[in-house]
Amino acid sequence: MKKAQTYIPYGRQSIDDDDLAAVMAVLRSDWLTTGPKVLEFEQAMAGYCGVKHGVAVSSGTAALHSAMHAIGIGPGDEVIVPAITFAATANCVVYQGGTPVFADVEADSMLIDPQDVLRKITPKTRAIIAVDYAGQPCDYDHLREIAGQHNLFLVADACHALGAEYKGRRVGSLADLTVFSFHPVKHITTGEGGMIVSDQTDLAERLRRFRNHGIATDHRQREAARTWQYEMVELGYNYRLTDMQCALGISQLKKLPAWIKQRQEIAARYDQAFKGTHIRPLAKREDISHAYHLYVIKVPERDRVFAKMRAAGIGVNVHYLPVYLHPYYRQRFGHSRGLCPVAETAYEEIISLPIWPGLDEGQVASVCHELDKLEVGA
Ligand SMILES: *Cc1c(COP(=O)(O)O)cnc(C)c1O
C-alpha cells in the first residue's frame, strides 16, 4: 500500500490549467481536426527549432514512417540505425520495405558510433538515422560529413532531444529531417503525437501529402479554389494530429525552456551524488546542451539494482535492448548476438533513473538514498 502512494515513475507529463483551457477552447470551436491549431503548432515548433517547416502527425512513429517515405526509402534500400534505440527507429525502415542496418554505439555515451557507421555503408545505403539517445545530440558534424561524402540522407530521431543543442545549434536544424514524439514521457505532450521539422520545402510537401492519404490538396486549398475535386497521387495514410492535440502542444511548448532547466538541475544533483561511487553516469560531450529525456547510469549487477529499486517504489527502467535482439528482428533478418558488441555489453549495465520536471528534491534524494543502500559495486 505504501508503495502505491509513493511510487516514483521514470517519467511523466505535466499538465496545468492553461493546457486545459487551450484544449477546451478548441472543443468549443468549429475545427476539431485539420483546423488552424495544426499550422500554429507546426510554425511554433519550426520557429523553436530554427527551421522553415513543421509537419504534425499522429505519433513519433508516424513521423519516422513519413520521413522514410519522404526520402524515398523502398525495397532494396538500406538505412543505418543505432543498435540501442526504441524499436520504432528501425521499424520505420521495414514499413517501407527497406532493411535497417545496425551500427554500434560509443560505450561511454551510447550514441551512434560514426566509425561503425562508415563500416556499415554499402552501395545500397540510402540514409542514416541518428538517435540523440537520452537527450544528448549525436556527433552531427561527423555524421553530416559522412552523409555528404556518401550521398546519404541524414535523419535525426530526436524523440529524446527536443530543446537540446549541438555547438550552439538547436536539435531540429542539424539533419535533413528531424523527428519528435509527444508521448507523455517525452519533453512536451499531446497524448499521442509527433512532428517532423525540416528546412527543405520539397520534403515538407511530401510529408504533408503522406499524412493525408496521398491526396495532393487539403480542404482549405480546395475551398480557396472553389472546387470539390481532389486527386490522390500516391498511397498515403491518415496520420493527422487533431486541433485539440495541437492546442495542447502549443501550450506545452511555452513551458519547455523551464522544463529543460529543471531536467538539467535534477541531472546535476544525480551527477553530484554519484561522484566517487561505482555508479557511472553516461558521458556528456563538450559543446552540447543536454535535454535529459533520460538519466542513464551504468552499474554492476544491473538486474539486482533494478529489482531492488522497483521493490522500493522507484520506477527505474532499461532503455533499451539492442533492437536486433528482439524476436521479430532475429527471425526476419537472422540477427543474433555479436552484431554490435559494445551495445550488447552496455545493455547489461544500463538503468534509467526517474527524471521529469515535477520531480522534487526530496524524491531525487530518496532515489539516491535507495541506490546508496544497495552498496553498488562494494
Ligand atoms: C518515443 C520514441 C519513438 C516513438 O514515438 P511514439 O510517439 O511513441 O510513436 C521513436 N523513437 C524514439 C527514440 C523514442 O523515444
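Residues numbered from 1 in each chain as written. Predicted model: local features only at pLDDT ≥ 70, side-chain atom pairs only at ≥ 80, totals over all residues. Heavy atoms only, no water.

### As for the layout of surface pockets
Then, number 1: Computed from the structure, the largest pocket encloses a volume of approximately 660 Å³.
Then, number 2: Looking at the largest pocket, it is lined by 24 residues, and the ones nearest its centre are Arg 208, Arg 211, Asp 218, Arg 220 and Gln 221.
Then, number 3: Elements supplying a minimum of two residues to the lining of the largest pocket: helix 3 (36-49), helix 8 (201-210) and helix 9 (219-224).
Then, number 4: For the lining of the largest pocket, the per-class residue count stands at seven nonpolar, seven polar and ten charged. (1 Å grid on protein atoms, 1.4 Å probe; cavity = no way out; pocket = protein on both sides within 12 Å on 5 of 7 lines; lining within 4 Å. Points joined across faces, edges and corners; volume = space filled by probe spheres on them. Helix = DSSP H or I, 4+ residues; strand = E, 2+ residues; numbered from the N terminus. Nonpolar A, V, L, I, M, F, W, Y, C, P; charged D, E, K, R; others polar.)

### Looking at the sheet that holds strand 10 (residues 280-281)
Note on sheets: strands pair through backbone hydrogen bonds, and any given pair is parallel or antiparallel.
Then, number 1: Strand order across the open sheet formed by three strands is 10-12-13, with antiparallel pairing between neighbours. On the outer flanks of this sheet lie strand 10 and strand 13 (350-353), each paired with one strand and no other. (Pairing = 2+ DSSP bridges.)

### Here we look at the pattern of salt bridges
Then, number 1: Taken as a whole and judged by the stated rule, the model has 18 salt bridges.
Then, number 2: Residue Asp 16 is joined to Lys 255 by a salt bridge in which the shortest nitrogen-to-oxygen separation is 2.9 Å. Here Lys 255 lies in the loop between helix 10 (243-253) and helix 11 (256-274) and Asp 16 lies in the loop between helix 1 (2-6) and helix 2 (17-27), a separation of 239 residues in the sequence.
Then, number 3: On the basis of relative accessible area, Asp 16 is assigned to the partly exposed category, the value being 30%.
Then, number 4: Residues Asp 77 and Arg 126 are paired through a salt bridge, measuring 3.1 Å at the closest nitrogen-oxygen approach. You can see Asp 77 sitting in the loop between helix 4 (60-70) and strand 2 (78-82) and its partner Arg 126 sitting in strand 4 (residues 125-131), a full 49 residues away along the chain.
Then, number 5: The exposure class of Arg 126 is partly exposed, given its relative accessible area of 27%.
Then, number 6: One salt-bridge network, in which partners are shared between bridges, spans Asp 16, Asp 19 and Lys 255. (Salt bridge = Lys/Arg side-chain N within 4 Å of Asp/Glu carboxyl O. Buried < 20%, exposed > 50% of the residue type's maximum accessible area, 1.4 Å probe, protein only.)

### Notes on the domain arrangement of the protein chain
Then, number 1: You can read the domains of the protein chain as domain 1 (17-253) and domain 2 (256-373).
Then, number 2: Here the C-alpha centroids of domain 1 and domain 2 sit 25 Å apart.
Then, number 3: Taken together, the contacts link 40 residues of domain 1 with 38 residues of domain 2.
Then, number 4: In total, domain 1 and domain 2 occlude about 3,300 Å² of area from one another, counting both sides; carbon and sulfur atoms represent 62% of this.
Then, number 5: Contact with domain 2 buries area across many residues of domain 1, yet Phe 102, Gln 136 and His 187 alone supply 18% of it, more than any other trio. (Domains from an automatic or database assignment. Contact = heavy atoms within 4.5 Å. Buried area = accessible area lost by both parts, 1.4 Å probe.)

### Re the nonpolar core
Then, number 1: By size, the foremost hydrophobic cluster in this structure holds 98 residues, and its most contacted members are Met 68 and Tyr 133.
Then, number 2: The two domains that each donate at least three residues to this core are domain 1 (17-253) and domain 2 (256-373).
Then, number 3: In contact with Met 68, other than residues within four places in its own chain, are Ile 73, Val 79, Cys 92, Val 93, Gln 96, Ile 129 and Val 155.
Then, number 4: By size, the runner-up hydrophobic cluster in this structure holds 25 residues, among which are Ile 8, Phe 274, Met 309 and Ile 355. (Core = buried A, V, L, I, M, F, W, Y, C linked by side-chain atoms within 4.5 Å.)

### Remarks on the pairing of strand 12 (residues 295-298)
Residues in a regular strand project their side chains so that they alternate between the two faces of the sheet.
Then, number 1: Judged by which residues are buried, strand 12 turns out to be covered on both faces: Tyr 295 and Ile 297 on one side and Val 296 and Lys 298 on the other are all buried.
Then, number 2: Where strand 10 and strand 12 come together, two bridges link them in antiparallel fashion. Its bridge partner being in strand 12, Pro 281 is matched across the sheet by Ile 297.

### What about the site of the ligand?
Then, number 1: For the ligand, the set of nearby residues contains 14 residues, the closest of which are Gly 60, Thr 61, Asp 157, Ser 181 and Lys 186.
Then, number 2: At a separation of 2.5 Å, an oxygen atom of the ligand approaches a polar side-chain atom of Thr 61.
Then, number 3: At 2.7 Å, a side-chain N or O of Ser 181 approaches an oxygen atom of the ligand.
Then, number 4: With the chains in place, 92% of the 380 Å² that the ligand exposes on its own is no longer accessible.
Then, number 5: In a pocket analysis with a 2 Å cut-off to the grid points, the ligand is assigned to the second largest pocket.
Then, number 6: Among the elements that make up the shell around the ligand, the one with the highest residue count is helix 4 (three residues). (Near = heavy atom within 4 Å. Polar contact = N/O pair within 3.5 Å; in protein donor to acceptor, adjacent residues only side chain to side chain. Areas by Shrake-Rupley, 256 points an atom, 1.4 Å probe, with all protein chains shown as cover. Sits in = over half its atoms within 2 Å of the grid points.)

### A look at the pairing of strand 1 (residues 53-57)
Then, number 1: For strand 1, the buried fraction is high: five of the five residues fall into the buried class.
Then, number 2: Side chains His 53, Val 55 and Val 57 of strand 1 all project onto a buried face; the interleaved residues Gly 54 and Ala 56 project onto the opposite face, where all are buried too.
Then, number 3: Sheet topology note: the strand 1/strand 9 (residues 194-198) ladder contains five bridges and is antiparallel. Counted as the bridge partner of Gly 54 is Val 197 from strand 9.

### Side note on the sheet that holds strand 7 (residues 169-170)
Then, number 1: One open sheet holds the three strands; their spatial order is 7-6-11, and the pairing between them is antiparallel. Looking at strand neighbours, the two that pair on one side only are strand 7 and strand 11 (288-289), the edges of this open sheet.
Then, number 2: With two bridges connecting them, strand 6 (residues 165-166) and strand 11 associate as antiparallel partners. Looking at the pairing, Tyr 166 lines up with Ile 288 of strand 11.

### Here we look at the environment of Glu 348
Then, number 1: Assignment of secondary structure puts Glu 348 in the loop between helix 14 (341-347) and strand 13.
Then, number 2: Separated by 17 residues in the primary sequence, Glu 348 and Gln 331 place their C-alpha atoms 22 Å from one another.
Then, number 3: Sequence-distant contacts of Glu 348, defined by excluding residues within four places in its chain, comprise Arg 302 and Arg 337.

### Points about the side chain of His 53
Then, number 1: Mapped onto the fold, His 53 is located in strand 1.
Then, number 2: The buried category is assigned to His 53, whose relative accessible area is 16%.
Then, number 3: Reaching out from His 53, the side chain makes a polar contact with the side chain of Thr 201 at a distance of 2.9 Å.
Then, number 4: Setting aside residues up to four positions removed in sequence, His 53 forms contacts with Ala 46, Ile 196, Val 197, Ser 198, Asp 199, Gln 200, Thr 201 and Ala 204.

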